Amino acid sequence: AKANGRNNFQFYAKEMNAELGERLSLENDLWHALERDELILHYQPQINMFTGEVIGMEALVRWQHPTRGLIPPIQFISIAEDDGLIIPIGEWVLRKACEDNQQLQLDGFKPIRVAVNLSARQLVQKSLVRTVSQILAQTRMQPQYLELEITESMIMHNVEDSISLLSKINKLGVQLSLDDFGTGYSSLAYLKRFPIKRLKIDKSFIRDIATDPNDAIISRSIIALAHALQVESIAEGVETVEQFEFLKANGCNEVQGYLFSKPLPIDALRIFLASNPVR
Ligand code: C2E
Ligand code: CA
Ligand code: CA
Ligand code: CA
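Quick summary incoming for the structure in this document. (Residues numbered from 1 in each chain as written. Chains lettered and ligands numbered in written order. Predicted model: local features only at pLDDT ≥ 70, side-chain atom pairs only at ≥ 80, totals over all residues. Heavy atoms only, no water.)

1. Quick notes on the packing of aromatic side chains
- Going through the model one piece at a time under the given rule, you end up with two aromatic pairs.
- With a centroid separation of 5.6 Å and 75 degrees between ring planes, the pair formed by Trp63 and Phe76 is classed as edge-to-face. Residue Trp63 is located in strand 2 (residues 54-65), and its partner Phe76 is located in the loop between strand 3 (69-71) and helix 2 (77-83); the two are separated by 13 residues in the primary sequence. As far as burial versus exposure is concerned, Trp63 and Phe76 are alike and both buried.
- The interplanar angle of 65 degrees and the centroid separation of 5.7 Å between the aromatic rings of Phe244 and Phe260 together place this pair among those described as edge-to-face. Note that Phe244 is positioned in helix 11 (residues 241-249) and Phe260 in the loop between strand 9 (254-255) and strand 10 (264-265), a separation of 16 residues in sequence.
- By relative accessible area, Phe244 is classed as buried at 8%. (Phe/Tyr/Trp six-rings, centres within 6.5 Å; stacked < 30°, edge-to-face > 60°. Helix = DSSP H or I, 4+ residues; strand = E, 2+ residues; numbered from the N terminus. Buried < 20%, exposed > 50% of the residue type's maximum accessible area, 1.4 Å probe, protein only.)

Pasting the structure below:
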């Protein structure tokens, strides 16, 4: 048993080394990803529940790695957050998303919002407000078509600073939404002090919404909370007609999910927009 235990240990140590090596190798490559133009954005349409119109899209980053293929964000965003690369990556995402959205308008598409995910590291950068306003000026996109997605945990542990920062962003005319809502810790007393435009119901509540009474109650409560706070609500991860009907019956404003479209490269998004007039 002893020898066996040692073998197991060696086995695990080897596994861990492989994992660490993998991470270091990715981290190393990530430093070059930006300069080599390997990051790309996919856009997932967001739909108004009642008119069926596309009213926005969420920008989701991917890494087109030269040998590993398309790498999803969960495999490199946390690495980028740990080593600080998330700052230039986040700025690139913001600029690219605004450029693409402005180009859609120039090409005659009906104006829609583009939502960009911010990481905690970006939110504590003193230069964030300046960066956002510079990018808006450079890309000439009107601020009301930019939405920034943040999470509860990013703002709840330093409420006063967050209120001040979010107010500055809000004054630029940019919209703010709370992503993954319901999964973090929110103080309801503070919630109404943040200049938030909409709550984004986390997809973990949506998945079993039609079959799990708890998830149904939570989702319904978040929608009711949004109404009480006079903010909008959007559900993510909507995959079925049942989920859609439940959300619609309960007054959710907007939806996003595979039921309508997965995240698309910009060219495919253009085709989607062109072929998707009001349903
Ligand atoms: P998120 O912000 O919660 O994004 C929603 C995720 O759900 C996306 O995964 C999207 O592809 C996926 N999704 C959309 N519709 C459905 C559906 O109907 N069913 C299911 N099961 N999933 C759906 P993705 O693109 O892999 O992104 C994962 C996470 O990576 C994002 O979660 C976000 O936290 C992070 N992320 C993505 N892009 C960026 C970025 O530019 N900056 C930062 N800081 N984080 C990003
Ligand atoms: Ca998001
Ligand atoms: Ca989310
Ligand atoms: Ca998330």
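2. Side note on the site of ligand 1
- Surveying the vicinity of ligand 1 reveals 21 residues, the closest of which are Gln44, Arg62, Asn117, Glu239 and Tyr258.
- A distance of 2.9 Å separates a nitrogen atom of ligand 1 from a polar atom in the side chain of Gln44.
- Contact between ligand 1 and Asp179: an oxygen atom at 3.1 Å from a side-chain N or O atom of the residue.
- Its free accessible area being 800 Å², ligand 1 has 82% of it covered by the protein chains. (Near = heavy atom within 4 Å. Polar contact = N/O pair within 3.5 Å; in protein donor to acceptor, adjacent residues only side chain to side chain. Areas by Shrake-Rupley, 256 points an atom, 1.4 Å probe, with all protein chains shown as cover.)

3. Thoughts on the environment of Pro265
- You can see Pro265 is positioned in strand 10.
- With 186 residues separating them along the chain, Pro265 and Ile79 place their C-alpha atoms 24 Å apart.
- Setting aside residues no more than four positions away along its own chain, Pro265 makes contact with Leu41 and His42. (Contact = heavy atoms within 4.5 Å.)

4. Brief notes about the side chain of Glu38
- Locating Glu38 in the fold gives a position in the loop between helix 1 (2-33) and strand 1 (39-48).
- Despite being buried, Glu38 has no salt bridge partner; Arg36 is the closest side chain of opposite charge, sitting 4.5 Å away.
- Polar side-chain contacts of Glu38 include one of 2.9 Å to the side chain of Trp63.
- Ignoring any residue separated from it by four or fewer positions in sequence, one finds Glu38 in contact with Ala33, Arg62, Trp63, Gln64 and Pro66. (Lys, Arg positive; Asp, Glu negative; His and termini not counted. Salt bridge = Lys/Arg side-chain N within 4 Å of Asp/Glu carboxyl O.)

5. Re the pairing of strand 8 (residues 232-235)
- One ladder, built from four bridges, connects strand 7 (residues 198-201) with strand 8; its direction is parallel. Looking across to strand 8, one finds that Arg198 is bridged to Glu232.
- Sheet analysis places strand 8 next to strand 9, joined by two bridges and oriented parallel. Residue pairing for strand 9: Ala235 is matched across the bridge by Val255.
- Considered for its hand, the β-α-β crossover made up of strand 8, helix 11 and strand 9 is right-handed. (Pairing = 2+ DSSP bridges. Right-handed = clockwise from strand over helix to strand, strands pointing away.)

6. A closer look at the pairing of strand 5 (residues 146-151)
- With respect to burial, strand 5 is a largely interior element, six of its six residues being buried.
- The side-chain alternation of strand 5 yields two buried faces, one formed by Leu146, Leu148 and Ile150 and the other by Glu147, Glu149 and Thr151.
- Both strand 4 (residues 113-117) and strand 5 contribute to a ladder of four bridges, which runs parallel. Counterpart to Val114 in the pairing with strand 5 is Leu146.
- Judged from the five bridges that link them, strand 5 and strand 6 (residues 175-181) form a sheet pairing that is parallel. When the sheet's bridge partners are listed, Leu148 is paired in strand 6 with Leu176.

7. Notes on the nonpolar core
- Ranked by size, the top nonpolar core spans 79 residues in total, and within it Leu146, Leu148 and Leu247 carry the most contacts.
- With nine residues, the top contributor of residues to this core is helix 3 (residues 86-106).
- Ignoring sequence-local partners within four residues, the contact set of Leu146 consists of Leu94, Cys98, Val114, Val116, Val132, Leu136, Met141, Val174 and Gln175. (Core = buried A, V, L, I, M, F, W, Y, C linked by side-chain atoms within 4.5 Å.)

8. A few points about the packing of helix 3 against helix 5 (residues 128-139)
- Where helix 3 contacts helix 5, the axes come no closer than 10 Å and their chain directions differ by 30 degrees. Judged on the interaxial angle alone, helix 5 and helix 3 are roughly parallel. Two packed elements cross with a definite hand, and for helix 3 against helix 5 that hand is right-handed. Note on element contacts: helix 5 touches helix 3 through Thr131, Val132, Ile135, Leu136, Gln138 and Thr139, opposite Glu91, Leu94, Arg95, Cys98, Glu99 and Gln102.
- Split into classes, the residues belonging to the contact of helix 3 with helix 5 amount to five nonpolar, four polar and three charged. (Axes fitted to C-alpha atoms, helices over the stretch in contact; angles between N-to-C directions. Parallel < 35°, antiparallel > 145°, perpendicular 65-115°, else oblique. Left-handed = near helix turned anticlockwise from the far one by under 90°. Nonpolar A, V, L, I, M, F, W, Y, C, P; charged D, E, K, R; others polar.)

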